[in-house]
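Observations on the model geometry
Read off the chains here:
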Amino acid sequence: AEAIHGFDLLERIGPSELLRQAWAGAEKKARAPNVLALVGLANATAAWVASVVLSEAELCARAEAYGHLVDVAAECLALRNFNGTFTILAGLELASVHRLKATKGALAPRHRAALEDLTDLVSYSA
């Protein structure tokens, strides 16, 4: 559903919303409403991803949820849903999740490898 809604928002973005950083500054809501809505959707999705992991009290359940989200991100990539892949990874990189070293350590080796591959793919330094 996020992909369909995101595509709908993306289609509505006009060229003027992308000029002169229209999405920033005092008039951003009037100048770039669709850009802001798309950013808001991505932020809400990333927060949801973090909440899925953080809602699990037990380490094994947290690692299972984390691994499932890695699988979903990989499937998004296979479907060429790059925004979905990036947004899920952004949620897993939020400070509240990123600090869970034991959870990452409890991931199955295939999930650790997939996470590393996905992270390398979306990394700005790669």
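Look up: the structure comes first, before these words.
First, a word on what this report is: a plain description of the structure on this page. These figures come from a predicted structure and were not determined experimentally.

About the thresholds
- Residues numbered from 1 in each chain as written.
- Predicted model: local features only at pLDDT ≥ 70, side-chain atom pairs only at ≥ 80, totals over all residues.
- Heavy atoms only, no water.
- Helix = DSSP H or I, 4+ residues; strand = E, 2+ residues; numbered from the N terminus.
- Polar contact = N/O pair within 3.5 Å; in protein donor to acceptor, adjacent residues only side chain to side chain.
- Axes fitted to C-alpha atoms, helices over the stretch in contact; angles between N-to-C directions.
- Parallel < 35°, antiparallel > 145°, perpendicular 65-115°, else oblique.
- Contact = heavy atoms within 4.5 Å.
- Nonpolar A, V, L, I, M, F, W, Y, C, P; charged D, E, K, R; others polar.
- Salt bridge = Lys/Arg side-chain N within 4 Å of Asp/Glu carboxyl O.
- Buried < 20%, exposed > 50% of the residue type's maximum accessible area, 1.4 Å probe, protein only.
- Expected span 1.5 Å × (residues − 1).

Observations concerning the side chain of Thr-45
Following the sequence through the fold, Thr-45 ends up in helix H3 (residues 33-54). There is a polar contact of 2.9 Å between the side chain of Thr-45 and the backbone oxygen of Leu-41.

Side note on the packing of H3 against helix H4 (residues 59-78)
Taken N-terminus to C-terminus, the directions of H3 and H4 make an angle of 150°; their axes are 8 Å apart at the nearest point. On the basis of their axis angle, the class for H3 and H4 is roughly antiparallel. Here Trp-48, Val-49, Val-52 and Val-53 of H3 lie close against H4, whose contacting residues are Arg-62, Ala-65, Tyr-66 and Leu-69. Broken down by class, the residue content of the contact of H3 with H4 amounts to seven nonpolar, no polar and one charged.

Focus on the pattern of salt bridges
Applying the stated rule across the entire model yields two salt bridges. Among the ionic pairs, Asp-8 bridges to Arg-12, the shortest N-O distance being 2.6 Å. Within this pair, Asp-8 and its partner Arg-12 are both found in helix H1 (residues 2-12), separated by four residues, close to a single helical turn. Across the salt bridge formed by Arg-110 and Asp-71, the nearest N and O atoms sit 3.2 Å from each other. One end of the pair, Arg-110, is in helix H8 (residues 109-122); the other, Asp-71, is in helix H4, and 39 residues separate them in sequence. Under the relative-accessibility criterion, Asp-71 is labelled partly exposed at 28%.

Looking at the environment of Leu-38
With respect to the secondary-structure elements, Leu-38 resides in helix H3. Along the sequence, Leu-38 and Glu-64 sit 26 residues apart, while their C-alpha atoms lie 29 Å from each other. For Leu-38, the contacting residues outside a window of four places in its chain are Gly-6, Leu-9, Leu-10 and Ile-13.

Quick word on H3
Helix length check: H3, at 22 residues, gives a terminal C-alpha distance of 31 Å against a target of 32 Å (1.5 Å per residue), a fit within 8%. Among the residues of H3, those classed as buried are Asn-34, Val-35, Leu-41, Thr-45, Ala-46, Val-49, Ala-50 and Val-53.

So yeah, pure geometry; function would need other evidence.
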